[in-house]
Every structure is written in structure tokens, then in C-alpha cells.
Amino acid sequence: MSFPLRTLVDRLVPPALLAADADTQRRARLCVILNLASMVFGPAFGIAVWLGGIPVIPTFCVASSVLPLIWIGVLRRTQSLALIGHGMTAVAAMMMPAIAWATGGLRAPAVVMFPVVPLFAQFLAGRRAALGWALAMGGAAVGLYGLDCAGIRGPLTLSTDELAILQIATVVVALGVFLAISHLFDGVKADAFASLAAANADLAVARDAAEAANVAKGHFLANMSHEIRTPMTGVIGMTDILLESPLGEDQRHWAEIVRSSADTLLRIVNDILDVAKIEAGRIDIEVAPFDLPAEIQAVARLLYASAQTKGLALRAEIPSLLPQLLGDAIRLRQVLTNLVGNALKFTAEGEVCVTVEVLAARETDLALRVSVRDTGIGISTEVVGRVFQAFEQGDGSSTRRYGGTGLGLAISKRLIELMGGEIGVDSVPGRGSNFWFTLTLPRAPRPVKTPTRGLEPAARRTRILVAEDNPTNAQAVRHAIERLGLQVDVVPDGRAAVAAGEGGGYDLVLMDCQMPIMDGLEATRAIRGHEGGRGRTPIVALTAHASEGDRQRALEAGMDDHLVKPLHPDALRACLARLLGEAALSAVASADTPS
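Residues numbered from 1 in each chain as written. Predicted model: local features only at pLDDT ≥ 70, side-chain atom pairs only at ≥ 80, totals over all residues. Heavy atoms only, no water.

(A) Just the packing of aromatic side chains, in detail. Considering all chains together, one arrives at one aromatic pair under this definition. Ring centres 6.0 Å apart and planes at 75 degrees place the aromatic pair Phe 388 and Phe 435 in the edge-to-face group. You can see Phe 388 sitting in the loop between α12 (381-384) and α13 (396-402) and its partner Phe 435 sitting in strand β7 (residues 432-442), a full 47 residues away along the chain. Taken individually, Phe 388 and Phe 435 each receive the classification buried, so the pair is uniform in this respect. (Phe/Tyr/Trp six-rings, centres within 6.5 Å; stacked < 30°, edge-to-face > 60°. Helix = DSSP H or I, 4+ residues; strand = E, 2+ residues; numbered from the N terminus. Buried < 20%, exposed > 50% of the residue type's maximum accessible area, 1.4 Å probe, protein only.)

(B) Structural detail: empty space enclosed by the protein. In this structure the tally under the stated criterion is four cavities of 30 Å³ or more. Considering only enclosed or pocket space, the largest cavity measures out at about 150 Å³ in volume. Along the wall of the largest cavity there are 14 residues; nearest its centre are Gly 237, Asp 240, Ala 476, Ala 480 and Leu 567. Sorting the residues of the lining of the largest cavity by element identifies α8 (160-243) and α15 (471-482) as the ones contributing at least two each. (1 Å grid on protein atoms, 1.4 Å probe; cavity = no way out; pocket = protein on both sides within 12 Å on 5 of 7 lines; lining within 4 Å. Points joined across faces, edges and corners; volume = space filled by probe spheres on them.)

(C) Local environment of the side chain of Thr 239. Relative to the assigned elements, Thr 239 resides in helix α8. Judged by its relative accessible area of 7%, Thr 239 is buried. Not counting residues within four places of it along the chain, the set of residues in contact with Thr 239 comprises Ala 255, Val 258 and Arg 259. (Contact = heavy atoms within 4.5 Å.)

(D) Spatial organisation of the pattern of salt bridges. Under the definition given, this model contains 19 salt bridges. Across the pair Asp 240 and Arg 259 runs a salt bridge whose closest N-O atoms are separated by 2.7 Å. Taken together, the positions of Asp 240 in helix α8 and Arg 259 in helix α9 (residues 249-280) put the pair 19 residues apart, joining distant regions of the chain. The shortest N-O distance in the salt bridge between Glu 244 and Arg 483 comes to 2.9 Å. Residue Glu 244 is found in the loop between α8 and α9, and its partner Arg 483 is found in the loop between α15 and β9 (487-491); the two are separated by 239 residues along the sequence. Each of the salt bridges in this network shares a partner with another, and the network as a whole consists of Arg 315, Glu 317, Glu 351 and Arg 373. (Salt bridge = Lys/Arg side-chain N within 4 Å of Asp/Glu carboxyl O.)

(E) Structural detail: the sheet that holds β9. Taken together, the five strands give an open sheet; going across it, the order is β9-β8-β10-β11-β12, and neighbouring strands pair in parallel fashion. Whereas interior strands pair on both sides, the edge strands pair on one side only; in this sheet they are β9 and β12 (561-564). Strand-to-strand, the axes of this sheet are offset by a mean angle of 20 degrees, without reference to chain direction. Two elements, strand β10 (residues 508-511) and strand β11 (residues 539-543), share three bridges in a ladder whose sense is parallel. Each bridged residue has a counterpart across the sheet, and for Met 511 the counterpart in β11 is Ala 541. Sheet strands in contact with α15 are β8 (463-467), β9, β10 and β11, and its direction is about 165 degrees off that of β9. (Pairing = 2+ DSSP bridges. Axes fitted to C-alpha atoms, helices over the stretch in contact; angles between N-to-C directions.)

(F) How the structure looks around helix α10 (residues 292-310). Counted at 1.5 Å a residue, the expected span for α10 with its 19 residues is 27 Å, and the 27 Å between its end C-alpha atoms agrees. The sharpest bend along α10 reaches about 45 degrees and sits at Leu 303. Looking at the buried residues of α10, the elements they touch are β1 (288-290), β2 (313-317), α11 (329-345), β4 (351-361) and β5 (365-374). Backbone geometry just downstream of α10 places Gly 311 in the positive-phi region, at approximately 70 degrees. (Expected span 1.5 Å × (residues − 1). Bend = angle between axes of the 7 residues up to and from the residue.)

Right under this line is the structure:
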């Protein structure tokens, strides 16, 4: 559309319609363009007919010029496209049959314009209106046919030549108006494509910026995880060492408070980092064989002391002979810990019971429902719908009385959904709550027994190499390994680890991933390259980077497992037993007994 004409059309369209959505703008401009075209069509048709020697119908010419101005004025006042559409269509539906009857009935050129009426309705008032007016114009044609059959003629009796002239004039003028409207819409289409291209360019810039921000957020999360977990490893590890030393009663009590506070802080940090990872879409679900009863028992052991302190019974009802399943045991344990921990927190007396129900047992998978039922304070109906939202608890007073960030249930919901399951709660205020989730998990393939690398304790003590650049963390890790009765050497960087590994004699390497001079991934690749035919030494990532992506990168570099700081003694022992065999750990009776 040329600039002056586009400016004219936009000035005639009400500003509120120009500020509306694209479809409304298009229909408003079309309404104005059709009215302008009608203003041109009437006089042009009259002139063409007059030049052909046929008497002009003054009323038609005047109406064709004045009515469009009236419609544009009504549009600007009412801003109602539907009203204008029905009005214009109704006038056209009355004028077309009248003109056709006056100029020859069904033989009149105006009959050719009958389809224009439903088209008006389609563009301006919608599909239903178009169907209605199409039926109306069909009825008008039938009416003209009836008048012709009855011999009722219009006031103008035209000869065959005059009808031909009228038909030619109608077609020529209509074609000219059609071409003009087509030209106008070509301009509108070009403007629309230009606007669309500009919008796409803006979207591409916004998408690139969002992707860059997402990458930056991912790097920030990884760095924050590392920077927070590294000192926490030192705090928790050195507190454990302190608790194992001779302490007075008050000193032991204070040290236990430090240890408990460190655990609480670590849980809060983990929750905040998990929420940020979920929002960034950076949480991955691992698929590996695991034993569901063992995971439930591990959660029960972890929280048993809390239950005893409050005088609560903590029970588990698990079907016998559950097979091993494929899934993310770590994330499942996290969900169970959140649910059982919440149940203990909000229960003053009675019990907390974890129940596993097999909903369907198929050849390839199991459908399970896991429930955590308590006899606590319960949740009111109006609050139930909000408990799985981030930072939500039953109410503000609950937050003050019971503590917590309100993140655990939101994280649990997202994790269960990532595993393809569903989570919910049934609760009665004052009678307790039943939090449940359902999962369908594949059966794990039957394990193939392979010989272990474990050495008999009588032969020699198992030697572990630890590569850790933080002296405090190195001391904590050394102590944790020595408690298992194993021999430990510590080096401060990846290059020293490669040199120590070339000398041989180590049964396993614990490798920090982020170290100066040479990082753990590069050091692992170098060790793997130098091993040749000497046999493969297990290498375990010991890192504060806790995401599944970090674990995958460690495995791709040649590592055999991945332990996350702060290092938990049970996790360390399980990893060493898995890679070295129980015989290598038999130098001590229990992982909890200092060597």
C-alpha cells in the first residue's frame, strides 16, 4: 500500500482497533477499504452507464457515495466491526436485489454481484454471518425468478443492447475496483511480511540472548555448587574428626550442634541449587539398576534418630521379593527423604509409615505406588493445592513454628514428573496426611557375576590415591578412608596424580575434578593413556559438581564412578566395595569403627 493511501486508511480506522491484535487490525482496514471502494464504484458505474446512453439511477449513485462515509463514521464512533459488518451487509443485501429488479430481473448485471454480500459478511462479521447472508441472497434470487414468472417488471425496460452495455460497465468497473483493492492488499501483505520479518529478527535476537543467559546460568550454578560444597566438605569432615577425638561432655554437645547445623545448611543449599537447576532445565534423570527396599531402608536409617527423639514409630511396609528396577536411585531417595522428613517434622505423636504397593506387575516393568502416611497435624483443603509450589508450607505460622524453606515438595513433584510419575496428597486436618507418588519402572536385567579385584587383607593393605588441592578437604577425605582400614596417599593436583599413577601400586584413585595445573578429567585421560597392558585402575570422581552432566563428563573421561562432596561415609564405602570388592574392606568390622 502506498504511503499516502496507507496513512488515509489508518487515519480512518479507530486508534483502539489499530492497537488491537493483527486480525482485528486487518478486518478494520478491510472495512475502511471496502467503503472507500464503494465510494468509487457508485459514481464510476453511473458515468459508465450514462456514457452508454442508459438513464442513470441517481438514488443509487448518491447512496453509493454517501453510505460509505456514514459507515466509516459509525465505525469510528462504535469501534464495533461486527455492527458495521452486519450493517453494510444488510444494506448491500437490500440494494442488490432492488437494483437487479429495477434493471431487468434475473438478467440484470446486479445479479452477478450477489456473491459479494456473503463475502462482506465473511470478512467483517464472521463465517456464521456469511452463511446466513448467502442463504438470504439465494432467497432474493428465487424471489426475482418468481417476479419474472409473474410478469412483474421493474421501472427500467432495457433493450438487449442496453443490457449488454450495462453488463460490460458493471464488469469493467467491478474489475477496476477489484484490481485497486488487490493492489491495496498487496501493499498490506508486503507490510505484514516486513513486520513479520522484523518480528522474527527480534525473536531470534531474544532467543539467542535467552540461550546465552541459560548457558551463563548453568555455569553459575555449577560454580556455585562447587564453591559452596567445597568449604562444606571441610566443615563436615573436620567436625566428624573432632567428634571422634576425646572431648568433654559440653564440647561434644557443641560439636554435635555444629555437625547438625552443617547438615541443615547443606540440605538448604542443595534445595536452592536443585530449584535453580529445575528452572534452568538442567536436572537429568539417571537410569541404573537399584534396589527399592534398600533405598527405603537407607532413608529410614538416616531419619531414625529424628523419629526416636520425638518418640515416633517409623515403619516400612514393603512387599517381599521386589525385583531390582531401573531408575534414578539418588533422586528417588531424595524424594523419599523429603516426604519422610516432612512427615516427622509435622507429627508430634503416633507414627510415620512408608508403604509400597505394586499396582501392576508386567514382564518388562512394575507400576508402583509409594505412600508416606503420618498421624500429624494434617493439611486444610484450601492449602492442599499449594503445598507442591515452591516456598509454600501449610501457612505462615507453620513456617515459623516448624522451619524449612518450603522447597522440598516442589522439588519432589518435579523429580517425580521427570521420572514419568505422579505425586499427590490426601489429608484431613488434625488426623494426618498421606503423601504418595506413582512410578512405572522397568525391571533391571539379571546381574552377571564378575570376579572382583579385591585382595585378601593378609596379602597387603589396599592403597588409595587421593588427588585433592584443598588441604582441609584432603585431610577430611584421608580420615574417612583410613577409618575403613585402608592406606591413603594424597597429591595436590592432576599432574602429581598422573606421576603417582605411573608408578603403580594403587588399587583405586579418588580424583577431584577441579584442580590447578591439571584438572581431574585431563589427569584421568592421561592415566588411561599410560596404562597399556598393566590393567585398569578404578578412578572415582570426587567433586563438588553434582549434576548428571558432570557425572557423564567424568565417565566419558574414563572414570568409573562419581562421588559428590561433602563425602558421606556410607557412599564412600559402597563405592569402594563395588569397585574393589568387600574383601578389600574386611580389615575393619564396620565403617563406623575407627581404625
